[in-house]
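Okay, here's what each chain looks like letter by letter:
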Number of protein chains: 2
Amino acid sequence: MGIIRKTKTVEILLNEFNKNEVAISAKKLIDSLGNTINKTTIYRVLDKLEDDGVLHSFLGKDGLKWYAKCNGCSSSKHTDMHPHFQCLSCGKVDCISTNVVLPNIPNRQIEFSQLLIQGKCEVCCA
Amino acid sequence: MGIIRKTKTVEILLNEFNKNEVAISAKKLIDSLGNTINKTTIYRVLDKLEDDGVLHSFLGKDGLKWYAKCNGCSSSKHTDMHPHFQCLSCGKVDCISTNVVLPNIPNRQIEFSQLLIQGKCEVCCA
DNA sequence: TTTGTTACTGCAACTAAGTTGCGTTATATT
DNA sequence: AATATAACGCAACTTAGTTGCAGTAACAAA
Ligand SMILES: [Mn+2]
Ligand SMILES: [Mn+2]
Ligand SMILES: [Zn+2]
Ligand SMILES: [Zn+2]
């Protein structure tokens, strides 16, 4: 069940994701907005935005939950699948707009896949 | 720092991984061996076996930590990288012995990657 | 076989991300 | 303005994993 009412929290969170095309962890949002918005509310709104196809989520290298904006998804179709890149130096995570070539696995039916690539980002490389 | 003394716990845990070529989550090991071995000890021995290159670890779809036997690794070189498959029906996880073709990402230096494929395993497919 | 060193173990207490229940507040509809 | 109920804040909870420390056991030396 997604978002029905345009509340202050929804607006603030969407703002965070709009001001920069980068993924944000739930923890980071709580750290930065936690004295304005209750953490339970943050988790619940993120969850609803994901249901609506506005955001998608994935797990970073430590198992933390990250969110980023979707491209062309809606509440009925969530099709924006892609790898993510996490910088081991600065911690930044972003979406990689490439299709992953999955290995051939006999006798198994693939439904999802998640690829997390780790290394140095373009800033930390230079 | 790896394992120095061949203790009962080490033997029991290695046994678990030897009797079946499948990945096992730390949680599962605690559930099944927790009244014989303390969970702290289980976590610590798994950690050391990983240092030694006997086991490798990765995160499953819920962020739980899984372990599986390494092939050709040692304490000095941990090179057995490969994707993992988690069955969404029965929960089984296993190692896929295939090299992953990583997408081309400009201006970034790749150090690791982890690919988790989800779907139905060979048993649950039939 | 006994002794001594210290790696390993068990326990209890802790950490931290995420969840749940419930009473209150605010949005949107009439 | 009155009403319905989605959304919120708070506190308490859940759970995988960690930490500190005192006691135990593996292993080598005597
Ligand atoms: Mn993404
Ligand atoms: Mn594996
Ligand atoms: Zn970086
Ligand atoms: Zn299965």
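Located above this text is the structure these notes cover.
A short tour of the structure in this document, coming up. (Residues numbered from 1 in each chain as written. Chains lettered and ligands numbered in written order. Predicted model: local features only at pLDDT ≥ 70, side-chain atom pairs only at ≥ 80, totals over all residues. Heavy atoms only, no water.)

1. A word on the sheet that holds strand S3 (residues 65-69) of chain A
All names here are of chain A. Taking strand neighbours across the sheet as the criterion, the three strands line up as S1-S3-S2 in an open arrangement whose pairing is antiparallel. Two strands close off the open sheet at either side, each with one partner strand: strand S1 (24-25) and strand S2 (55-59). Of the strand pairs in this sheet, S1 and S3 are connected by two bridges, and their pairing is antiparallel. In the strand pairing of S3, serine 25 is matched with tryptophan 66. (Pairing = 2+ DSSP bridges. Helix = DSSP H or I, 4+ residues; strand = E, 2+ residues; numbered from the N terminus.)

2. So, the protein's contact with DNA strand D
In the vicinity of DNA strand D lie 24 residues, with A:Ile4, A:Thr7, A:Thr41, A:Arg44 and A:Lys48 positioned nearest. Taken together, the sugar and phosphate atoms account for 58% of what DNA strand D places within 4 Å of the protein. The contact in question runs from a phosphate oxygen of DNA strand D to an N or O atom on the backbone of A:Ile4, over 2.5 Å. Here A:Thr40 contributes a side-chain N or O atom positioned 3.3 Å from a base nitrogen of DNA strand D. Contributing elements (two or more residues each) for the surface near DNA strand D: helix H3 (39-51) of chain A together with helix H2 (26-33) and helix H3 (39-51) of chain B. When residues of the surface near DNA strand D are assigned to their parent elements, the largest contribution, five residues, is made by H3(A). A breakdown of the residues in the surface near DNA strand D according to their chemical character gives seven nonpolar, eight polar and nine charged. (Near = heavy atom within 4 Å. Polar contact = N/O pair within 3.5 Å; in protein donor to acceptor, adjacent residues only side chain to side chain. Nonpolar A, V, L, I, M, F, W, Y, C, P; charged D, E, K, R; others polar.)

That's the geometry; what it means functionally is another story.
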